[in-house]
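Topology and contacts: notes
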Amino acid sequence: MYAPEKTRTAAEVLVDQLISNGVRHVFCVPGESYLGVLDAFHDRDITVTVCRQEGGAAMMADAVGKATGRPGVCFVTRGPGATNAMPGIHIADQDSTPMILFVGQVDRHVREREAFQEIDCRAVFGGVTKWATEIDDATRVPEVVSRAFHTATGGRPGPVVIGLPADMLKERVAVADVPVFEPVEASPGTTEMTRLRDALVEAKRPIFILGGSRWTDEARDAMHRFAGRFHLAVATSYRRLPLFDPLHPSYAGDLGLGPNPKLIARIKKADLVVLCGGRLGEIPSQGYTLLDVPAPHTRLVHVHPSAEEIGRVYHPYLAIQSGPIRFAAALDGLEPPADIPWRAQTDAAHADYLAWTETPTDQPGGVNLGAIFVWLRETLPADAILCNGAGNYAAWLHRFYRFRRLATHIAPTSASMGYGMPSAVAMKRLYPERTVLSVNGDGDFLMNGQEFATAVQYELPIITIICDNGMYGTIRMHQEREFPERVSGTELKNPDFSAYARAFGGFGVTVERTEDFPAAFSAAEASGKPAIIHLKVDPEAITPATTLAGIREHALARGRS
Ligand SMILES: Cc1ncc(C[n+]2csc(CCOP(=O)(O)OP(=O)(O)O)c2C)c(N)n1
Ligand SMILES: [Mg+2]
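Now for a quick tour of the structure. No experiment lies behind these values; they were computed from the predicted model shown.

Bringing the overall build of the chain into the picture now. Within the chain one finds 22 helices and 20 strands. Compactness check: the chain gives a C-alpha radius of gyration of 24 Å against a globular reference of 24 Å for 561 residues, within 12% of the reference. Its C-alpha atoms give the chain principal-axis dimensions of roughly 70 × 60 × 45 Å. Here the chain holds 561 residues, and the buried ones make up 59% of them. Counted over contacts in the chain with a minimum sequence separation of 6, partners at least 24 positions apart contribute 75%. A total of about 21,500 Å² of accessible surface is found on the chain, and carbon and sulfur atoms cover 51% of it. The averaged location of the 65 negative side-chain charges in the chain is 3 Å from the averaged location of its 56 positive side-chain charges.

Following this line, the structure appears as structure tokens:
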């Protein structure tokens, strides 16, 4: 702690507040607008990851927020840097990820002249953050940073953007550091927990759906214990798969794109749905068809840390304003009914999940992604982290891989492309001892593929898988459905991705047959370098269940009828 009579530059004060609040990693693209901050990093105990594009840097910060529940931190320069960072901010906003983006800003005395690269942080980021501000007064740096940490994590977590005028950062001030922040955890009341227990006692077909952010191992373990004692069916929301152990006898599957139809039917028939942590957005709610809006057909218990979120879309039978940590802990205090009428249903739900995911489906072409994810689930250590962006390739990952630990899947619920490479860099920076995979589509990868250079720069032996089908497959799938045989704007001519890896100083290998994958994976691991495994996927293999030709035929037949 600095005594108030000592002076530091505002930039030094800022970095000291980050360190005292537990920040060990920052992700950045440099700018002349915040040189003082870069200088303060120089001799302080903080690890800097310098990136190739701000979109990647912001996604890295989002990944840190997802994995740790504490704000990931990113620094970028004004106009072009800040706008490049926007995809990461939008992800953090939609995904409820705690994150803080600092933007080097023009000097205060030239503001609003549209000075060089000037950007109005409040106007540009106001609609996609919990708070967008600028620090005008150097003495208020500790106050604003403290508020940013509380805001990013409190209630429904999300991103905060803070503009830092360059001249303000240079000012010397005598200020005290703020005390270390601890996230505020909303707790359920005893009345609500009693009502929840009553609702469970009255239920015949209950199901829990877990989602949202800022879970902990303890909360997840408590949920496992509770589900075991009550013999309850538990599903996970879209891209929240690691919130529950898939091999726990209560696990019923996840609500993603292309979900198990038996799970959807089960939720539609449930007489009690306990939505714990998430907001059941458009994807997990299957286009808002799972629960009626605004008044669900069934009893809905909505557990959420933010009062603003409860009742926003669904009118709940019972509202519990609590975060997952305190809610899960409170579940230990509930006693199961003497006679549990839904036992057989829960057993059936878990059997349905296992049957849906056990064996890969047949696929056209030499590479079967299902078989590859089954091999990976049997081979990788339980704490391996898989990162991905958006594209149909992810359907096989979601369905056939099994996430056995919390935060082992880092992927945007906003389904933003280009996330798999930067988030894997962030995870390997945080957890160098763990296996980290970046899983991408061909379109997806090249949105932030330049961050492979960051992996090489910091010698991060990430294994990157690129599922190359020569197209923006997801959009082609929708296109064939709606405009059959009229391919437009969805084809891709790709580089040799294994040569790309070598050109950057990494290891590259191309795989054209499923049976060659294990050897390629071993070679990638043995190289000790960042690696790319270029998978040549048949464009016909569009989902685990259908082919492109099948979708086209179906659409043409519909047109003829
Ligand atoms: C940043 C961003 N841009 C556009 C989209 C719309 N989009 C969703 S999936 C997709 C195609 C993904 O293609 P690819 O990565 O090759 O995966 P595939 O579907 O072929 O497996 C597109 C363009 C998006 N989700 N995110
Ligand atoms: Mg593709």
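Right, let's talk about the sheet that holds strand E20 (residues 531-536) for a bit. Pairing within the open sheet is parallel, and its six strands lie in the order E16-E15-E17-E18-E20-E19. Of all the strands in the sheet, the pair left with one neighbour each is strand E16 (409-410) and strand E19 (507-511). Where strand E15 (residues 385-388) lies against E16, two bridges are found, and the strand directions are parallel. Its bridge partner being in E16, Cys387 is matched across the sheet by Ile410.

The subject of this paragraph is the environment of Glu143. Inspection of the secondary structure puts Glu143 in helix H7 (residues 141-153). A relative accessible area of 43% means that Glu143 is categorised as partly exposed. Each C-alpha atom, one on Glu143 and one on Gln17, is 9.6 Å from the other, the two residues being 126 residues apart in sequence.

Scanning the entire structure with this criterion turns up 17 aromatic pairs. Where Tyr251 meets Tyr353, the ring centres are 4.8 Å apart and the plane angle is 75°; that geometry is what we call edge-to-face. In this pair, Tyr251 sits in strand E11 (residues 251-254) while Tyr353 sits in helix H13 (residues 343-358), placing the two residues 102 residues apart along the sequence. Among the residues examined, Tyr353 registers a relative accessible area of 7% and is labelled buried.

Approximately 950 Å³ is the volume attributed to the largest pocket. If you trace the largest pocket, you find 48 residues lining it, with Leu257, Gly391, Asn392, Ala395 and Met477 closest to the centre. Listed by contribution, the elements that provide at least two residues to the lining of the largest pocket are E11, H13, helix H15 (394-400), helix H17 (442-448) and helix H19 (473-482). Here the lining of the largest pocket gets six residues from one element, more than from any other, and that element is H19. Put simply, the second largest pocket is a space of about 580 Å³. Lining the second largest pocket are 33 residues, with Lys66, Ala67, Trp215, Leu406 and Ala407 positioned closest to its centre. The element best represented in the lining of the second largest pocket is helix H3 (residues 54-68), accounting for four residues. In terms of residue class, the lining of the second largest pocket is made up of 12 nonpolar, nine polar and 12 charged.

Let us look at the pairing of strand E2 (residues 25-28). Each regular strand displays side chains that alternate between the two surfaces of the sheet. Neither face of E2 is left uncovered, since the one carrying His25 and Phe27 and the one carrying Val26 and Cys28 both have all their residues buried. When E2 meets strand E3 (residues 47-50), the two strands line up parallel, connected through four bridges. Within E3, the residue paired with His25 across the bridge is Thr47. Handedness of the E2-helix H2 (residues 35-42)-E3 crossover: right-handed.

To continue, consider helix H16 (residues 420-430). In terms of residue burial, H16 counts as a mostly covered element, since 11 of its 11 residues are buried. Every buried residue of H16 is accounted for by Gly420, Met421, Pro422, Ser423, Ala424, Val425, Ala426, Met427, Lys428, Arg429 and Leu430.

Turning next to the site of ligand 1. Close contacts around ligand 1 come from 17 residues, with Asn392, Asp442, Asp444, Gly473 and Thr474 the closest. At 2.9 Å, a backbone N or O of Ala415 approaches a nitrogen atom of ligand 1. In this structure, ligand 1 is accommodated by the largest pocket. Only H17 and H19 provide two or more residues apiece to the shell around ligand 1. Considered class by class, the residues forming the shell around ligand 1 number eight nonpolar, seven polar and two charged.

Here we take up empty space enclosed by the protein. Evaluation of the coordinates by the stated rule reveals one cavity of 30 Å³ or more. Looking at the lining of the largest cavity residue by residue, the classes come out as seven nonpolar, one polar and two charged.

Cut-offs and rules
- Residues numbered from 1 in each chain as written.
- Chains lettered and ligands numbered in written order.
- Predicted model: local features only at pLDDT ≥ 70, side-chain atom pairs only at ≥ 80, totals over all residues.
- Heavy atoms only, no water.
- Helix = DSSP H or I, 4+ residues; strand = E, 2+ residues; numbered from the N terminus.
- Rg over C-alpha atoms; globule rule 2.2 N^0.38 Å.
- Buried < 20%, exposed > 50% of the residue type's maximum accessible area, 1.4 Å probe, protein only.
- Contact = heavy atoms within 4.5 Å.
- Areas by Shrake-Rupley, 256 points an atom, 1.4 Å probe, with all protein chains shown as cover.
- Lys, Arg positive; Asp, Glu negative; His and termini not counted.
- Charge placed at Lys NZ, Arg CZ, Asp CG, Glu CD.
- Pairing = 2+ DSSP bridges.
- Phe/Tyr/Trp six-rings, centres within 6.5 Å; stacked < 30°, edge-to-face > 60°.
- 1 Å grid on protein atoms, 1.4 Å probe; cavity = no way out; pocket = protein on both sides within 12 Å on 5 of 7 lines; lining within 4 Å.
- Points joined across faces, edges and corners; volume = space filled by probe spheres on them.
- Nonpolar A, V, L, I, M, F, W, Y, C, P; charged D, E, K, R; others polar.
- Right-handed = clockwise from strand over helix to strand, strands pointing away.
- Near = heavy atom within 4 Å.
- Polar contact = N/O pair within 3.5 Å; in protein donor to acceptor, adjacent residues only side chain to side chain.
- Sits in = over half its atoms within 2 Å of the grid points.

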